Amino acid sequence: MSDVQKSDARQRFLDLLHAQRVWDTNLPAFDPDGVPEAPLPLFHTWFCEAVAAGQTEPHTMSLATVDAEGRPDVRTLMLHDADERGWHFATHRTSTKGSQLAARPYAALGFYWPVQGRQVRVRGPVIACSPAESLADLHARSTGALASALVGRQSEVLGSYQELNHASDLAWERARAEPGAEVASWTRYVVEPREVEFFQGDAGRRHVRLRYVRRADTWDRELLWP
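Quick notes on the rules
- Residues numbered from 1 in each chain as written.
- Predicted model: local features only at pLDDT ≥ 70, side-chain atom pairs only at ≥ 80, totals over all residues.
- Heavy atoms only, no water.
- Buried < 20%, exposed > 50% of the residue type's maximum accessible area, 1.4 Å probe, protein only.
- Helix = DSSP H or I, 4+ residues; strand = E, 2+ residues; numbered from the N terminus.
- Pairing = 2+ DSSP bridges.
- Axes fitted to C-alpha atoms, helices over the stretch in contact; angles between N-to-C directions.
- Parallel < 35°, antiparallel > 145°, perpendicular 65-115°, else oblique.
- Left-handed = near helix turned anticlockwise from the far one by under 90°.
- Contact = heavy atoms within 4.5 Å.
- Nonpolar A, V, L, I, M, F, W, Y, C, P; charged D, E, K, R; others polar.
- Patch = residues over 30% accessible without salt bridge, like charges linked within 9 Å, V, L, I, M, F, W, Y side chains within 5 Å.
- Areas by Shrake-Rupley, 256 points an atom, 1.4 Å probe, with all protein chains shown as cover.
- Salt bridge = Lys/Arg side-chain N within 4 Å of Asp/Glu carboxyl O.
- Polar contact = N/O pair within 3.5 Å; in protein donor to acceptor, adjacent residues only side chain to side chain.

A.B. asks: In this structure, what is going on with the pairing of strand β1 (residues 60-66)? I would like to understand it.
C.D. replies: Working note: regular strand, side chains alternate between the two faces of the sheet. Burial along β1 is one-sided: the face carrying Met61, Leu63 and Thr65 is buried and the face carrying Thr60, Ser62, Ala64 and Val66 is not. Across seven bridges, β1 lies against strand β2 (residues 72-78) in antiparallel orientation. Note on β2: the bridge partner recorded for Ala64 is Val74. The turn joining β1 and β2, which pair antiparallel and follow one another in sequence, is formed by five residues; a positive phi near 80° is taken by Gly70. Summarising the sheet, β1 and strand β5 (residues 106-113) pair through three bridges and their orientation is antiparallel. For Leu63, the partnering residue across the bridge sits in β5 and is Leu109.

Now the structure itself:
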């Protein structure tokens, strides 16, 4: 590609980028004075409202961890539960994120529901659930999820896509034949919240940011400048 072509391609990208708009629709109001004392009930409410508003894949979230050198890492995965213990997800403990959590068991989660201009951020220590709970988590999911877990080797270097196809075919066969198959590395994790922030976007840029901070056995609530 010539320098002129590179310049034109970059300009097309910038023009397209700068043409994008956010929150051109009516967004819900959010009164921080009427929130519950703890963040979990508000999260449940916002999740249900995101589903009702037609938000695509509202159960997906970003998970941020750090590696051995303290460098941040992030990926998108699925929420498995949110209860009094915290926010749940699962992965292979032998994966990159599993290894990072074993070395530094602290993480941050981020939910983004653009249909309503909302974000939720969660930070806190991470605990690994028992093998029994992890196995129950795996078997509560779909056949495809079990097949994917049976393939294993997550984050390892893949020699070719054909190798993946072969391993996946075998895993699907086993998942259908053995719905109770075990995957020793599959682990359910819980992020125990120490901070939970709720962000409500506003078209006039007067965003509402409400942060819950855990102090001993209670939650403090504070507003943040946007």
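A.B. asks: So what exactly am I meant to see when it comes to the packing of helix α5 (residues 143-151) against helix α6 (residues 161-177) here?
C.D. replies: Packing of α5 against α6 leaves a shortest axis separation of 8 Å and a crossing angle of 125°. In terms of orientation, α5 and α6 fall into the oblique class. Between α5 and α6 lies a crossing of right-handed hand. Residues Thr143, Gly144, Leu146, Ala147, Leu150 and Val151 of α5 touch α6, and the partners they reach there are Leu164, Ala167, Ser168, Ala171, Trp172, Arg174, Ala175 and Arg176. In terms of residue class, the contact of α5 with α6 is built from nine nonpolar, three polar and two charged.

A.B. asks: Explain unusual backbone geometry to me, please; I cannot follow it from the model alone.
C.D. replies: Unlike most non-glycine residues, Arg153 shows phi in positive territory, near 60°. Examined against the element boundaries, Arg153 turns out to sit in the loop between α5 and α6.

A.B. asks: Looking at this model, I keep getting lost on the environment of Ser99. Mind explaining?
C.D. replies: Following the sequence through the fold, Ser99 ends up in helix α3 (residues 96-103). Looking at Ser99, the relative accessible area reads 41%, which means it is partly exposed. C-alpha separation for the pair Ser99 and Arg214, spaced 115 residues apart in sequence, amounts to 27 Å. Those residues within four positions of Ser99 in sequence are excluded, and the remaining contacts are Arg93 and Thr94.

A.B. asks: For this particular structure, what's the right way to read a nonpolar patch on the surface?
C.D. replies: Together, Leu158, Tyr161 and Leu164 line one region of the surface with nonpolar side chains, adding up to about 290 Å² of accessible area. Relative to the helices and strands, Leu158 resides in the loop between α5 and α6. On the basis of relative accessibility, which here comes to 44%, the residue Leu158 falls in the partly exposed class.

A.B. asks: Would you explain the environment of Ala53 in this entry?
C.D. replies: Summarising the element assignment, Ala53 is placed in the loop between α2 (39-52) and β1. For Ala53, a relative accessible area of 35% puts it in the partly exposed group. Ignoring sequence-local partners within four residues, the contact set of Ala53 consists of Val115 and Gln116.

A.B. asks: Is there a simple way to think about the side chain of Thr65 in this case?
C.D. replies: By secondary structure assignment, the location of Thr65 is in strand β1. Among the residues examined, Thr65 registers a relative accessible area of 3% and is labelled buried. A distance of 3.0 Å separates polar atoms of two side chains, one belonging to Thr65 and the other to Arg75. At 2.4 Å, the side chain of Thr65 and the side chain of Gln100 are in polar contact. Ignoring any residue separated from it by four or fewer positions in sequence, one finds Thr65 in contact with Arg71, Pro72, Asp73, Arg75, Gln100, Leu101 and Ala107.

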